[in-house]
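Observations on the model geometry
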Number of protein chains: 2
Amino acid sequence: MDKDEIVELIKDGSLDISKMKMLLSGMNTVDIAEVFEKLDKEQIIRMFRILPKVIASDVFAYVDTDQQQIIIEALTDTEIGEIINKLFVDDAVDFIEEMPANVVKRVLQNVPIAKRKIINQILQYPDDSAGSIMTTEYIDLREDAKVREAFDTIRTIGLNKETIYNCYVIRKDRLLVGGVSAKTLMLARPQDKIADIMDTNVVFANTTDDREKIAEQFHKYSLLAMPVVDKEQRLVGIITVDDIVDVIVEESTEDIEKMAALVPSDDPYLKTSIFQHAKNRFLWMLILMLSATITGTIISSFEEGLMVLPILMSFIPMLMNTGGIAGSQSSTLIVRGMAIGEIGLGDIILILWKELRVGILCGLGLGVVNFIRVFIMNNSDWKLCLTITLSLFCTILMAKTVGSVLPILAKRLRIDPAIMSAPLLTTIVDAVSLVIYFSIAKIILGL
Amino acid sequence: MDKDEIVELIKDGSLDISKMKMLLSGMNTVDIAEVFEKLDKEQIIRMFRILPKVIASDVFAYVDTDQQQIIIEALTDTEIGEIINKLFVDDAVDFIEEMPANVVKRVLQNVPIAKRKIINQILQYPDDSAGSIMTTEYIDLREDAKVREAFDTIRTIGLNKETIYNCYVIRKDRLLVGGVSAKTLMLARPQDKIADIMDTNVVFANTTDDREKIAEQFHKYSLLAMPVVDKEQRLVGIITVDDIVDVIVEESTEDIEKMAALVPSDDPYLKTSIFQHAKNRFLWMLILMLSATITGTIISSFEEGLMVLPILMSFIPMLMNTGGIAGSQSSTLIVRGMAIGEIGLGDIILILWKELRVGILCGLGLGVVNFIRVFIMNNSDWKLCLTITLSLFCTILMAKTVGSVLPILAKRLRIDPAIMSAPLLTTIVDAVSLVIYFSIAKIILGL
């Protein structure tokens, strides 16, 4: 049965509670959450109460913020306490971060004090830090324990841990000394000592590390989980790969939005209000519009020349567009290359040298096509052809250079390279290409 | 000791072989691979021979294609057979796909026949399909087996499997009937039957499914692995989350490159030749350059009007740029929203309605600023101000509409939306904004 059919069944109320319960318990919790998104307030509350207790908190973790709020507001204090206590800490924190203050207060009041303390602590880590995405439901083992005891530990507490496949080994003072995978444990003998089979070469994060850097490590080392330590190197949490997949998708979206001159936003397109949409777009549009005053001034300053040979006007968009795309191609490659760690700050000379040659190749190719086109369309006026073609060639070379250097400079100055790539690049390339064009026109055509 | 120091030690040859061996065996194989990338041909071959056998094939899987070729060409037939046989099938396939024909031939000749058959089969799946990224080293269990037996199986064959954390349950005819995680196994009793504890609701893929769709499923359901079945629903392989992380990063890069009017490429920026770079960029630059003939013609057709009021020329870049950014903001949001599954084809009316209102908000805001700026800078010529401002407003509205509709239409026509967003959008928005501008100028200014 597909989700829409289930939504229909709920809406027309034709199934009794016990049948509905059976139907839901056979479903994946993610799919149940999707069904919830299509229900109205009353139906959500009714369906949530029907859910078997063991999956209720799972479903709660997966539904959207709006539905979470609807559910929480309909629950009693005790029920809230139960649900939140069953959530993994990272999911609880994600939920609390999105709720209005009064809901947060009520939630925290009803959570057991130990959990509340941990939640409060994680809430204090800066956004985008390892601390803010970690969870505290991990399995830690002592280095002097035996494999047999490790299995006992996993069987006793494993059900409520985010992962049991990566266990971390600590000393008495909670100092992280190694890691041991469930695979290693399963292939070891029961009497082996953890210290003898553990991997002491564990890739770990500090609570303040940037989540993008951590995602890079997961990618590079093909990790399933990573331990997080505090300043004193004590184990305080773990990050699991499912959250890293979210991070990678979100960070890519952010970069894409920044490159398109948008203020990045975590909210889905359709759920963002038109005012928020307008706000996210207005600033960069304004900056670009105002910076076009520069190009306007340059054109005005060459007005006399354009009056003598009005045909020159008609090539301005072609030059600006081709230059714009040449520049954005380069900057996009560099920005993305830096984002996924393929390009470093030290590669600037290599890149410049490469872009210069690529620019010459592209410029030559386009120059030839352009010369022929202008020659045919403009009564074999070879001086005009030369002016346009030479301007095009220089513009492409300039755009490729600026487009590749700008993101690297931005990164050196600790500005986000993705932001530089769209608006600033466009302004520079537009202005300089006009200056190139008019200078060459003055020389060759004597205007 | 960091990687550069190790590279130094290798280059100056100050460490004897046994010390070098010890140093390397303490390192993560990914880091060893990184060290290899900084060595020359002779050093690579020498170091690879020093590597402990157990990690040699791991390191081989992680080094770049160039180094893989150097190593393979230096090995004897027997050594090649050993290395490739130890690789997971997906890594072996990745490697073989990048090698020249003569190397491929030699490699396949020296691989045991069973493995060769599997490799050849996977090589036949289309690029970007589930079949092409799956591996065949998985653990399958029979539904009538006991948990105790499952553990025996894992202990016996688990070491050579890509993951032991997700096992899949098959019937006699290899039909996939369920999945069971190592967690479930560890928390079950030894005498439990697999059929009683397995999850029959497994998310699986077909060999021909698109890898992007599979990545979406991994993201949605927080999966660590996914079984792959053939047309007859028989289990033929699994996909693991580490490969999906690669897919997500690669697909995002591809989308970003397409949006920037680049032909996407898997090769790292610095390792791509300038001819390949030029090739990846030339086509779209050419298309944009030629399509600018349209804007050129529109400008020429309004030449007389521009001669009467030359100041009108200076606003052309501002209108085109602001329109361009307005359009690309919308198309980027829609393309990305569709890529991560937030937006569907059915949302077109919702989106149009949203974009129209966002366009009005942005257009009003920018219009006011623009009116004031033009009024001050152009001697209070209110007719000119009105012309520019009205054109700007209409251009923004038009750009937002075209920018949001174009990607959805593309998807309907089964064209990649990311490709439409840059070049076609720019051409349309540029041309239409000029037509708008000149039409309004004719009416208000009577040109």
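Heads up: these notes are all about the structure in this document. In this text the structure is predicted, and so the values were computed from the model without any measurement.

Details of the overall build of chain A
Looking only at helices and strands, chain A has 23 helices and 6 strands in total. Taking 22 Å as the expected radius of gyration for a compact globule of 447 residues, we find that chain A reaches 30 Å, considerably beyond that expectation. In terms of its C-alpha atoms, chain A occupies a principal-axis envelope of roughly 90 × 60 × 40 Å. Contacts in chain A between residues at least 24 apart in sequence constitute 67% of all its contacts with a sequence separation of at least 6. Split by element, the accessible area of chain A, about 19,400 Å² in all, is 56% carbon and sulfur.

Quick notes on a negative patch on the surface
All names here are of chain A. There is a patch of like negative charges on the surface, built from D94, E97, E98, D127, D266 and D267. Mapped onto the elements of the fold, D267 is located in the loop between α16 (241–259) and α17 (274–301). Overall, D267 belongs to the partly exposed group, its relative accessible area being 44%.

Details of the environment of F151 of chain B
You can see F151 of chain B is positioned in helix α12 (residues 147–157). A relative accessible area of 10% means that F151 of chain B is categorised as buried. Put simply, F151 of chain B and L185 of chain B are 34 residues apart on the chain and 8.0 Å apart in space, counted from C-alpha to C-alpha. Beyond its immediate chain neighbours, meaning those up to four positions away, F151 of chain B contacts M186 of chain A together with L185 and M186 of chain B.

A few points about the relation of the copies chain B and chain A
One chain copy maps onto the other through a rotation about an axis and a shift parallel to that axis. Screw-axis analysis of chain B against chain A gives a translation of 0.0 Å along the axis, an RMSD of 0.0 Å, and a rotation angle of 180 degrees. Both copies of the chain, as the preceding transformation shows, are related through a two-fold rotation axis. Taken as a fraction of all interface residues of chain B, those also at the interface in chain A reach 100%, which identifies the copy contact as same-surface.

Structural notes on the packing of helix α19 (residues 316–339) of chain A against helix α16 (residues 241–259) of chain B
One way to put it is that α19 of chain A packs onto α16 of chain B with a least axis distance of 10 Å and a crossing angle of 165 degrees. The pairing of α19 of chain A with α16 of chain B is recorded here as roughly antiparallel in orientation. Seen from above, α19 of chain A lies across α16 of chain B with right-handed handedness. Along its contact with α19 of chain A, which presents T332, L333 and R336 of chain A, the element α16 of chain B presents V249, S252, T253, I256 and E257 of chain B. When the residues that make up the contact of α19 of chain A with α16 of chain B are grouped by side-chain class, the tally is 3 nonpolar, 3 polar and 2 charged.

Things to note about the packing of aromatic side chains
Across all of its chains, the model carries 13 aromatic pairs over all chains by this definition. Centroid distance F36 of chain B to F48 of chain B: 6.5 Å. Interplanar angle 80 degrees. Geometry classified as edge-to-face. Here F36 of chain B is found in helix α3 (residues 29–36), whereas its partner F48 of chain B is found in helix α4 (residues 41–50), with 12 residues between them in sequence. The exposure classification of F36 of chain B matches that of F48 of chain B, with both residues buried. Each ring, one from F371 of chain B and one from F375 of chain B, has its centre 5.9 Å from the other, and the planes form 15 degrees; the classification is stacked. With a gap of 4 residues between them, F371 of chain B and F375 of chain B both fall in helix α20 (residues 348–377), about one helical turn apart. In this structure F371 of chain B comes out as partly exposed when scored by relative accessible area, which is 28%. These aromatic residues form a ring-pair network of at least three members: F36, F48, F60 and F95 of chain A.

Focus on the interface of chain B and chain A
In this complex, chain B contributes 107 residues to the contact, which on the side of chain A involves 107 residues. Summed over both sides, the interface between chain B and chain A buries roughly 10,200 Å², with carbon and sulfur atoms accounting for 73% of that surface. The largest share of the area that chain B buries against chain A comes from M186, Y269 and M285 of chain B, three residues that together contribute 8% of it. Along the contact surface separating chain B from chain A lie 6 salt bridges. Linking chain B with chain A are 42 residue pairs in polar contact (both at pLDDT 80 or more), by the criterion used here. Examining the composition of the side of chain B that touches chain A, we find that 17 residues originate from one element, helix α17 (residues 274–301) of chain B, more than from any other.

Let's talk about the pattern of salt bridges
Opposite charge on two side chains lets them pair, provided their charged atoms get close. Counted under the stated rule, the structure contains 40 salt bridges over all chains. With its nearest N and O atoms 3.8 Å apart, the salt bridge here joins K258 of chain A to E254 of chain A. With K258 of chain A and E254 of chain A both in helix α16, this residue pair falls 4 residues apart, about one helical turn. As far as burial versus exposure is concerned, K258 of chain A and E254 of chain A are alike and both buried. Where E355 of chain A meets R281 of chain B, a salt bridge forms, and the shortest distance between an N and an O atom there is 2.8 Å. Of the two residues, E355 of chain A sits in helix α20 (residues 348–377) while R281 of chain B sits in helix α17, which places them in two different chains. For R281 of chain B, a relative accessible area of 0% gives the class buried.

Some details on empty space enclosed by the protein
Per the counting criterion, the structure on display carries 7 cavities of 30 Å³ or more. Estimated volume of the largest cavity: approximately 800 Å³. Forming the walls of the largest cavity are 36 residues, and the residues nearest its centre are G324, S328 and T426 of chain A together with S328 and T426 of chain B. Sorting the residues of the lining of the largest cavity by element identifies α16, α19 and α23 (423–445) of chain A together with α16, α19 (316–339) and α23 (423–445) of chain B as the ones contributing at least two each. The element best represented in the lining of the largest cavity is α19 of chain B, accounting for 8 residues. Considered class by class, the residues forming the lining of the largest cavity number 19 nonpolar, 15 polar and 2 charged. Each pocket or cavity is described by its volume, and for the second largest cavity that value is around 50 Å³. Around the second largest cavity sit I299, M313 and I316 of chain A together with I299, M313, I316 and P317 of chain B, which together line it. Grouping the amino acids of the lining of the second largest cavity by side-chain chemistry returns 7 nonpolar, no polar and no charged.

Conventions used here
Residues numbered from 1 in each chain as written. Chains lettered and ligands numbered in written order. Predicted model: local features only at pLDDT ≥ 70, side-chain atom pairs only at ≥ 80, totals over all residues. Heavy atoms only, no water. Helix = DSSP H or I, 4+ residues; strand = E, 2+ residues; numbered from the N terminus. Rg over C-alpha atoms; globule rule 2.2 N^0.38 Å. Contact = heavy atoms within 4.5 Å. Areas by Shrake-Rupley, 256 points an atom, 1.4 Å probe, with all protein chains shown as cover. Patch = residues over 30% accessible without salt bridge, like charges linked within 9 Å, V, L, I, M, F, W, Y side chains within 5 Å. Salt bridge = Lys/Arg side-chain N within 4 Å of Asp/Glu carboxyl O. Lys, Arg positive; Asp, Glu negative; His and termini not counted. Charge placed at Lys NZ, Arg CZ, Asp CG, Glu CD. Buried < 20%, exposed > 50% of the residue type's maximum accessible area, 1.4 Å probe, protein only. Least-squares fit on C-alpha atoms with pLDDT ≥ 70 in both. Axes fitted to C-alpha atoms, helices over the stretch in contact; angles between N-to-C directions. Parallel < 35°, antiparallel > 145°, perpendicular 65-115°, else oblique. Left-handed = near helix turned anticlockwise from the far one by under 90°. Nonpolar A, V, L, I, M, F, W, Y, C, P; charged D, E, K, R; others polar. Phe/Tyr/Trp six-rings, centres within 6.5 Å; stacked < 30°, edge-to-face > 60°. Buried area = accessible area lost by both parts, 1.4 Å probe. Polar contact = N/O pair within 3.5 Å; in protein donor to acceptor, adjacent residues only side chain to side chain. 1 Å grid on protein atoms, 1.4 Å probe; cavity = no way out; pocket = protein on both sides within 12 Å on 5 of 7 lines; lining within 4 Å. Points joined across faces, edges and corners; volume = space filled by probe spheres on them.

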